[in-house]
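What follows is each chain in one-letter form.
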Amino acid sequence: MKAHPRHARRGRGPIAKRWIYWKRRYAHPVLRDWVLLGCLLGILIAAACTLIDFHLGAIVLAVVPAGLAMMRAMPEPWAEVWTNRSKTVDIATGLIFAVVLVALAFVVPESR
């Protein structure tokens, strides 16, 4: 049997297969994807607020882990984003991180 030339190969190519995979994967985003998008949006908003004032940017950035901690404290189905982890440790870590961010913002002197 003779091999097919490259231009006449059968089936989909690797790029088309990858496109189909990504299209199916993200056609119906899960809650975890929305949480990640929210975190990235919060970081971008905090970066924009930092241009106005450093302290404001730090406070807005601290809202992200505090919001995650509050979301983790909510009942199902909101808490099913995280699996096989301690709820108490997740909430405590998020709140401690938020407090540390705000504390650092007011401890670090402004360079202006």
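Described in the following lines is the structure provided in the data block. (Residues numbered from 1 in each chain as written. Predicted model: local features only at pLDDT ≥ 70, side-chain atom pairs only at ≥ 80, totals over all residues. Heavy atoms only, no water.)

1. Some points on the overall build of the protein
Regarding its fold elements, the protein presents 4 helices and 0 strands. Ordered by position from N to C terminus, the α and β elements of the protein give α-α-α-α. For the protein, buried positions account for 21% of its 112 residues. Of the contacts formed within the protein by residues at least 6 apart in sequence, a portion of 54% connects residues at least 24 apart. As displayed, the protein offers around 9000 Å² of accessible surface, 70% of which is attributable to carbon and sulfur atoms. (Helix = DSSP H or I, 4+ residues; strand = E, 2+ residues; numbered from the N terminus. Buried < 20%, exposed > 50% of the residue type's maximum accessible area, 1.4 Å probe, protein only. Contact = heavy atoms within 4.5 Å. Areas by Shrake-Rupley, 256 points an atom, 1.4 Å probe, with all protein chains shown as cover.)

2. Quick look at helix α3 (residues 54-73)
Here α3 contains 20 residues, and its C-alpha end-to-end distance of 29 Å stays within 8% of the 28 Å for a straight helix at 1.5 Å per residue. What α3 keeps buried is the set H55, G57, A58, A62, V64, P65, A69, M71 and R72. Lining the buried residues of α3 we find α2 (31-52) and α4 (87-107). (Expected span 1.5 Å × (residues − 1).)

3. Details of the pattern of salt bridges
Using the criterion set out here, one finds 1 salt bridge in the structure. D90 serves as the salt-bridge partner of R72, at 3.0 Å between the closest nitrogen and oxygen. Note that R72 is positioned in helix α3 and D90 in helix α4, a separation of 18 residues in sequence. Both residues of the pair, R72 and D90, belong to the buried class. (Salt bridge = Lys/Arg side-chain N within 4 Å of Asp/Glu carboxyl O.)

4. Considerations on the environment of P77
Following the sequence through the fold, P77 ends up in the loop between α3 and α4. A C-alpha to C-alpha distance of 9.3 Å links P77 and L31, two positions 46 residues apart in sequence.

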